[in-house]
Structures are given as structure tokens and as C-alpha cells.
Amino acid sequence: MPREFQFKNIEDQRAVFGTQDVWARKLEKDLNVSLTLRGDSVEVGGDESSRAMALQVLKAMVQLTRQGEELREDTVERLIEEAGEGSLDSLFKAMENAVTMNYKGLPIKCKTFGQQNYVEMLREKAVTICIGPAGTGKTYLAVAQAAQELKEGLIERIIMSRPAIEAGEERLGFLPGDLAQKVDPYLRPLYDALRDVFGQERADKLRENGVVEVAPLAYMRGRTLNHARIIIDEGQNASLSTLKMALTRLGEDSRMVLTGDVTQIDLPKISDSGLTRCAEILRGVEGIGVIHLTNRDVVRNKIVKDIVKAFEKEEARQEERRNAPRAYDPERRKGGPMYLGKEGKKHDDHPYV
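On a predicted model such as this, the values are computed, not experimentally measured, just so you know.

Visitor: An account of the sheet that holds strand β1 (residues 4-6) is needed here, citing residue identities and associated values.
Guide: Here three strands make up an open sheet; going across it, the order is β1-β3-β2 and the pairing antiparallel. Edge positions in the sheet fall to β1 and β2 (34-38), since each of these pairs with one other strand and no more. Between one strand axis and the next, the sheet turns through 25° on average, direction left out of account.

So this is what it looks like as C-alpha cells:
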């Protein structure tokens, strides 16, 4: 196993090591290796498997910088993670082609293999249902794909919608202003995505001209939406009947994407959410694609991925506790059955007590 990585030029070396050697230090810490710069090469120390991963990541970092990618903490984190999974090739394939160019002329690219599959589904299917945790780019990539379709003349307008539901326990009461001002706060995340792709001035102009429409989901009823890309966001906060209503708005030469995170349901009763059931019903129908993104597809701040993982772990633990069998304890003296939990401890809170 080689112990050195050769740089072809000083630019590659500076990009890989980062400002004040920030990326070199990160590789040393995360991969348990040592990096020693010797002229135009870097010597990698550590055990054989760690050195192999470090050399793969160094090579990948050089490739990315040559493709014009800016190395950021989340990018380096992803390279390290994918190297550990042996899937760096899949990551590079996902990042090869741009979905579209943003208003600054910079490419918007997929950053994970899951995101690439999602974008391919957007391009191929009349209806795409994407379920995944926060930070996986569900809405952002849908807007980017819609922007590209608009540029290519495949659609005439973009229609974006979401349920006007308050988050969690928050209750805002009656908001001031006319109807547009009342619903505007609920639609702000969609405006943010439009601004990031089109720029504020261009996004405002597209909305004024009716090329881009942003409206609450309830306003979809009774309409037929032709020659459009329809983006339904926060689908977990809509009932099954509401989602059916939205999906049946699809008109001639139109495509729709329905996104949501089933771990963040803001309806009074979680069972009122229709997104999971909707995906189950439509899976396998020709022209409809269903995709699930995971915490591996989170591309926001690294801590967001850690938060998602922590909550998934806790939810799995609670599910295991709910499903754990409880043994009957014949020694109970108080009257009524007593049950033993998973650890063999006595519990008085069994539903039959």
C-alpha cells in the first residue's frame, strides 16, 4: 500500500490542505492518520486500511477541485463517509452533471447518490413522490429541475404549493392583512428556494408575470394545470383525500412532484397524514415513481445529519419498547395482572391493569 500522494501542482496542494491546513487536520482526526507534507507530495501514516481511505479521499478532493467544486466541511465529511462505505465512485457519478445553473451562473448539482436517483425520477416520471428527512434537498432540487425545464421550453409555468399548517404546537392566531399576506408566512420556504435558484429580482418578475405561482394547497381544488411543473411541498401535512385532490389536478404536458418528511407531521393527529399511505397506494403505477431519501442524503450543516440520526435512533428505540413482549407475573399480590418489561422489571402501567 503506497504511503505517499503526489500533487501535480501547488494549486491542488493548497486546495486539499485548505486554509491553515483545516482539511488536512480533519483527515488526520477523522481517519486516524498523519499527513506530512514533503515538497510536492504528502506522506500518509497510519494503519493500512486508514491509509487506503485517506489516499482515496485525497484523490477525490483533487478531482472535485479540478471540476470547480469548492471544498466545504459538508463536502469533505461526505467524501470521508463514502470512502468508508466504499461508494466514492457512486458519489462522483452523482456529481458529474448539473441539474441547472443558478442565477450566478454556478451549477446546481446532486451531492449524493440518492439525490441523483431523485432527479432522474423527476425527469422520467409524470408524478414523483419523494419522502425524506429535513436537509435532503427535496424541494430545492425540485425547483432546480423545474427551472431547467422552463429554460428548455418543456413547461410554461411552475406551480408551487404546500398546506397552510402551523408548525408543531405553535398557534399564530388571526394574521393581519389581506388573503395573500395571511398565507405568505406559510409559503416563505418556497420563496426561499425560488430566490436561491433564480435570484430575488428574477423570481419576483416570474411571479408577477404568472410564470411562477405560489399558493396554498387548498387553492388547487377545481383547477386543471396544463404545461406546468407542479411542486407540492410538506405533503406530510395533508390528508389522503387532499393529496388525491392535488394529484388529480395534473393536466396536459404537466409533471408533479410531491415531497414530505413523515417524521415532522404538524397535523392534530399523526394518523391524519396521508403521505405514506398515498405512496403505498401509487407505488407500481405506471408513470409514478416513489423514492425515499435517508440521513445519508442530508446536505445541510453536518449537525443536521447528526440531529436526524439521533432522532431516528430514539424513534427506533421507542418502537422496540412498544413492540417488546411483556411477561405475565403470577406473583402479583395487589390484584389484577402484573407484567414484566423487557428488562424483567415489574410494571403497573400495562393497559389491562
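Visitor: How would you explain the environment of Lys125 if you had to name every residue and give the values?
Guide: Tracing the sequence through the fold places Lys125 in the loop between α6 (113-124) and β6 (127-131). When the C-alpha atoms of Lys125 and Gly287 are compared, they prove to be 5.1 Å apart, with 162 residues separating the residues in sequence. Non-local contacts of Lys125, meaning those with residues more than four positions away in its chain, are made with Arg255, Gly287, Ile288 and Gly289.

Visitor: Tell me about unusual backbone geometry, residues and numbers included.
Guide: Residue Asp21 is not a glycine yet carries a positive backbone phi of 60°. Along the polypeptide, Asp21 turns up in the loop between α1 (10-17) and α2 (22-31). By relative accessible area, Asp21 is classed as partly exposed at 39%. If you check the backbone angles, Asn32 has positive phi at about 60° while not being a glycine. The residue Asn32 is located in the loop between α2 and β2 in this model.

Visitor: Before we move on, could you go through the layout of surface pockets and cite the residues and values that matter?
Guide: A volume near 400 Å³ is recorded for the second largest pocket. Taken together, 15 residues form the lining of the second largest pocket, with Pro133, Asp261, Thr263, Val308 and Glu315 sitting closest to its centre.

Visitor: Which residues make up the side chain of Asp261, and what values do they have?
Guide: Here Asp261 shows up in the loop between β10 (255-260) and α11 (275-282). One buried charged side chain, Asp261, makes no salt bridge at all; its nearest oppositely charged neighbour is Lys138, positioned 5.4 Å away. The residues contacting Asp261, other than those within four sequence positions of it, are Gly132, Pro133, Ala134, Gln236 and Leu275.

Visitor: Please give an account of a nonpolar patch on the surface that cites residues and values.
Guide: Together, Ile303, Ile307 and Phe311 make up a nonpolar patch on the protein surface, roughly 310 Å² of accessible area in all. Turning to its location among the elements, Ile307 is positioned in helix α12 (residues 302-323). A relative accessible area of 42% means that Ile307 is categorised as partly exposed.

Visitor: Could you give an account of the packing of α1 against helix α3 (residues 48-66), naming the residues involved and the relevant values?
Guide: Where α1 meets α3, the axes come as close as 9 Å, and the angle between the chain directions of the two elements is 115°. By the angle between their axes, α1 is roughly perpendicular relative to α3. In this structure, the crossing between α1 and α3 has a hand that is right-handed. Contacts from Asp12, Ala15 and Val16 in α1 reach Leu58, Met61, Val62, Thr65 and Arg66 in α3. For the contact of α1 with α3, a count of residues per class yields five nonpolar, one polar and two charged.

Thresholds applied
Residues numbered from 1 in each chain as written. Predicted model: local features only at pLDDT ≥ 70, side-chain atom pairs only at ≥ 80, totals over all residues. Heavy atoms only, no water. Pairing = 2+ DSSP bridges. Helix = DSSP H or I, 4+ residues; strand = E, 2+ residues; numbered from the N terminus. Axes fitted to C-alpha atoms, helices over the stretch in contact; angles between N-to-C directions. Contact = heavy atoms within 4.5 Å. Buried < 20%, exposed > 50% of the residue type's maximum accessible area, 1.4 Å probe, protein only. 1 Å grid on protein atoms, 1.4 Å probe; cavity = no way out; pocket = protein on both sides within 12 Å on 5 of 7 lines; lining within 4 Å. Points joined across faces, edges and corners; volume = space filled by probe spheres on them. Lys, Arg positive; Asp, Glu negative; His and termini not counted. Salt bridge = Lys/Arg side-chain N within 4 Å of Asp/Glu carboxyl O. Patch = residues over 30% accessible without salt bridge, like charges linked within 9 Å, V, L, I, M, F, W, Y side chains within 5 Å. Areas by Shrake-Rupley, 256 points an atom, 1.4 Å probe, with all protein chains shown as cover. Parallel < 35°, antiparallel > 145°, perpendicular 65-115°, else oblique. Left-handed = near helix turned anticlockwise from the far one by under 90°. Nonpolar A, V, L, I, M, F, W, Y, C, P; charged D, E, K, R; others polar.

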